[in-house]
Amino acid sequence: MKMIFLFQHFIFMCVSDFGPLPCSIITTTRKFFTVLGSVIFFGNALSNRQWLGAVLVFAGLFLDAAFGKSKAKPEDPAAKAN
């Protein structure tokens, strides 16, 4: 019971401190490594479609990290005066 509280508290703190997008990225990454651990340690197999889905998820996460939100450029005071 205490573990459930700790996980829920972690999710709440993650969302309140960083926002929903980083929290969803952390959650997705954690779930993938759980599945990967299941494949490696317990010998569970993934079908080709499941591997394709995992690759697509992480390609999306990588593309979002690389090109998603760019930092806002400071406004030029000269342009504001016009």
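For the structure itself, consult the block above.
A brief structural summary. This structure is a prediction, so every number in the text was calculated from the model and none was measured.

Conventions used here
- Residues numbered from 1 in each chain as written.
- Predicted model: local features only at pLDDT ≥ 70, side-chain atom pairs only at ≥ 80, totals over all residues.
- Heavy atoms only, no water.
- Patch = residues over 30% accessible without salt bridge, like charges linked within 9 Å, V, L, I, M, F, W, Y side chains within 5 Å.
- Areas by Shrake-Rupley, 256 points an atom, 1.4 Å probe, with all protein chains shown as cover.
- Salt bridge = Lys/Arg side-chain N within 4 Å of Asp/Glu carboxyl O.
- Helix = DSSP H or I, 4+ residues; strand = E, 2+ residues; numbered from the N terminus.
- Buried < 20%, exposed > 50% of the residue type's maximum accessible area, 1.4 Å probe, protein only.
- Axes fitted to C-alpha atoms, helices over the stretch in contact; angles between N-to-C directions.
- Parallel < 35°, antiparallel > 145°, perpendicular 65-115°, else oblique.
- Contact = heavy atoms within 4.5 Å.
- Nonpolar A, V, L, I, M, F, W, Y, C, P; charged D, E, K, R; others polar.
- Left-handed = near helix turned anticlockwise from the far one by under 90°.

**Some details on a nonpolar patch on the surface**
Step number 1: There is a patch of nonpolar side chains on the surface, built from M3, F5, L6 and F7 and spanning about 460 Å² of accessible area.
Step number 2: Looking at where F5 falls in the secondary structure, it is placed in helix α1 (residues 2–18).
Step number 3: Residue class for F5 comes out exposed when judged on its relative accessible area of 56%.

**Points about the packing of α1 against helix α2 (residues 20–42)**
Step number 1: The interhelical angle for the contact between α1 and α2, taken along N-to-C directions, is 140°, at an axis separation of 7 Å. Classified by the angle their axes make, α1 and α2 are oblique. Packed against α1, whose contacting residues are F10, I11, C14, V15 and F18, the element α2 presents P20, P22, C23 and I26 at the interface.
Step number 2: Taken together, the residues that form the contact of α1 with α2 break down as 9 nonpolar, no polar and no charged.

**Regarding the environment of T28**
Step number 1: Among the structural elements, T28 can be located in helix α2.
Step number 2: Its relative accessible area of 30% is what places T28 among the partly exposed residues.
Step number 3: Along the chain, T28 and L61 lie 33 residues apart, while their C-alpha atoms are 9.1 Å from each other.
Step number 4: With residues up to four places along the chain from it excluded, the contact list for T28 reads V57 and L61.

**Concerning the packing of α2 against helix α3 (residues 48–67)**
Step number 1: Two elements in contact, α2 and α3, have axes whose closest approach is 11 Å; the angle formed by their N-to-C orientations is 150°. It follows from the interaxial angle that α2 and α3 lie roughly antiparallel. The two elements α2 and α3 cross, and the hand of that crossing is left-handed. Together, L21, I25, T28, T29, F32, L36 and V39 of α2 and W51, A54, V57, F58, L61 and D64 of α3 make up the contact between the two elements.
Step number 2: Here the residues of the contact of α2 with α3 sort into 10 nonpolar, 2 polar and 1 charged.

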